[in-house]
Amino acid sequence: MRSVAGSAVLPDVVERARAGDPATWEQIVTELGPVIRGYARARGVADPDDVTQDVFTAAAQRIGAFQGDWEAFRSWLFAIAYRQVVNRYRRSARTDPLPEMLPSAVPGPEEEVVNRLEAGGAGAALEVLDDLERDVVLMRVLGGLDAAAVGEAIGRRPGHVRVIQFRAMAKLRDELLRRGYGGAEEETA
Amino acid sequence: MTRRNALPELPGGWVDDLAAEVVTPLETGRAAAIAATALGASAGGAGAAVVATHVVAKVIAATALTLTVGGAAAAVAGILPDPIQSFVADLVDGIGIDLPRPDQVLPDISTTIPAVTIPEIPELPLP
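As a starting point, this report considers the structure included with it. Remember, predicted model here, so these are calculated numbers, not experimental data. Each chain carries its own residue numbering, running from 1 in the direction its sequence is written. Chain labels run from A onward and ligand labels from 1 onward, assigned in the order the entries are written. In keeping with the model being predicted, local features are shown solely for residues with a pLDDT of at least 70 and side-chain atom pairs are shown and tallied solely at 80 or more, while totals for entire chains, interfaces and linings include all residues. Derived side-chain values reflect all non-hydrogen atoms in the structure, with water molecules and hydrogen atoms excluded from consideration.

**Re the interface of chain B and chain A**
Often, the extent of an interface is quoted as the loss of accessible area upon association of its parts. Applicable threshold: The criterion used for residue contact is that any of the two residues' heavy atoms lie within 4.5 Å. Salt bridges are defined as contacts in which a side-chain nitrogen from Lys or Arg sits within 4 Å of a carboxyl oxygen from Asp or Glu. Any N or O atom pair separated by 3.5 Å or less is treated as a polar contact, with the protein-specific requirement of one donor-capable and one acceptor-capable atom, and with residues adjacent in sequence counted only for side-chain atom pairs. Labels follow the DSSP assignment, with helices taken as runs of H or I lasting at least four residues and strands as runs of E lasting at least two, numbered in each case from the N terminus.
Counting residues at the interface gives 36 residues for chain B and 48 residues for chain A. At the boundary of chain B and chain A, one finds one salt bridge. A salt bridge links Arg37(A) to Glu27(B), with the shortest nitrogen-to-oxygen separation between them at 3.3 Å. The tally of links from chain B across to chain A stands at 10 residue pairs in polar contact (both at pLDDT 80 or more). Of all the secondary structure elements, the ones that give two or more residues to the side of chain B that touches chain A are α1 (12–22) and α2 (30–77) of chain B.

**Concerning the pattern of salt bridges**
Residues and elements named next belong to chain A. As a reminder of what qualifies: Classification of residues uses two cut-offs on accessible area relative to the type maximum, computed with a 1.4 Å probe and protein chains only: under 20% is buried, over 50% is exposed, and between them is partly exposed.
On inspection of all chains with the given rule, the structure shows 16 salt bridges over all chains. The salt bridge involving arginine 167 is made with glutamate 133; its shortest N-O contact spans 3.0 Å. Note that arginine 167 is positioned in helix α8 (residues 158–178) and glutamate 133 in helix α6 (residues 131–141), a separation of 34 residues in sequence. Classification of arginine 167 by relative accessible area gives partly exposed; the value is 40%. A salt bridge links lysine 171 to glutamate 133; its shortest N-O distance comes to 2.8 Å. Taken together, the positions of lysine 171 in helix α8 and glutamate 133 in helix α6 put the pair 38 residues apart, joining distant regions of the chain. With a relative accessible area of 1%, glutamate 133 lands in the buried category.

Keep in mind these numbers describe shape, not what the thing actually does.
See the structure below:
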C-alpha cells in the first residue's frame, strides 16, 4: 500500500483513525493534507487552509460511518473536499453583496480570466475548463483517483466521469500545446 | 513529493508544474494542529451535536403533535379564527367531513334601481 506522498501507510490506518488515535490522524493529515489543500487551491477557493481543516474535521466526525480501506478513504476525503468547495462557492454566491455602483477600475470576470491566463503558471491552463471538468482533472491528476472513485466523490456515474474527462482533455490538450507543453521531447518520453 | 497521475496522456511536464504550484507541504506543526482540531471537534462536537439533534427533534415532534391535536379540536369546535376555520372547513369538506363555518357577514347590497329612460325609437319611414 502506497500513499500519495510515496511513503508506506500501515494497513490498519483506517481502523486506528476510527479509534481516534492522534498519531494516526497526524499521519493522515501529513499524507493527504497537501493534496487536499492543493485541490482547494487549484479550484480557486479563497481559503484553502480552512477547507483543509474543515475536510479533516468532517472526516474525524463521520469516520464511524465510513467503510473501506485506505484507497476508499482517500476517495471519501476527496468527496468531502468536493462538497466543501462547492458549498463555499454556493455560500459566497448567496452572501456576496452587490456593488452599489459599477466600478470602472476593477476588472470584470472576463478580464480577470484573461489576466490570469496572461499571468502564466501551470494552474492557469485550468481556466479553459468548467468547474466540473476541473474537479475531474484535479482529482485524477493530483489525487490519483480512478474514474469510479472520482464518480463517487462528485456524485456521478463512472461513465459520466469519463465523458467529462474526455471533453476536458480535448480542451486542456489544446491549451497546453498553446502554452508550449507536450512538445516533441515529451511525446517521445 | 511523489504523486500518482491517473491521466498519463497529459504532458508530464505540466502535471509536475501544476503539482509544484499548488501541492506544497504543510508547514511544520500544521498537520498535528489540524489533526488535533479535527479530533477535538469530533470528540466534543459530535457527541453534543447528536444530543442536541435528539432534543431538537423531540421538541419539534411534540410541537407538531400539540398543534395537530389542538388544531383539530379547535376546528371541530369551530373556535379557530374565521379565515383559518373557513380554510380548514373547505379543506376537509373535500373528504366528506363537515365542520362549522364562520358566520358570513355579507355587505349591504343596494336595491335601489336607478331610473331608466328608454329612448323612443323613431318609426322607420315607409318606402
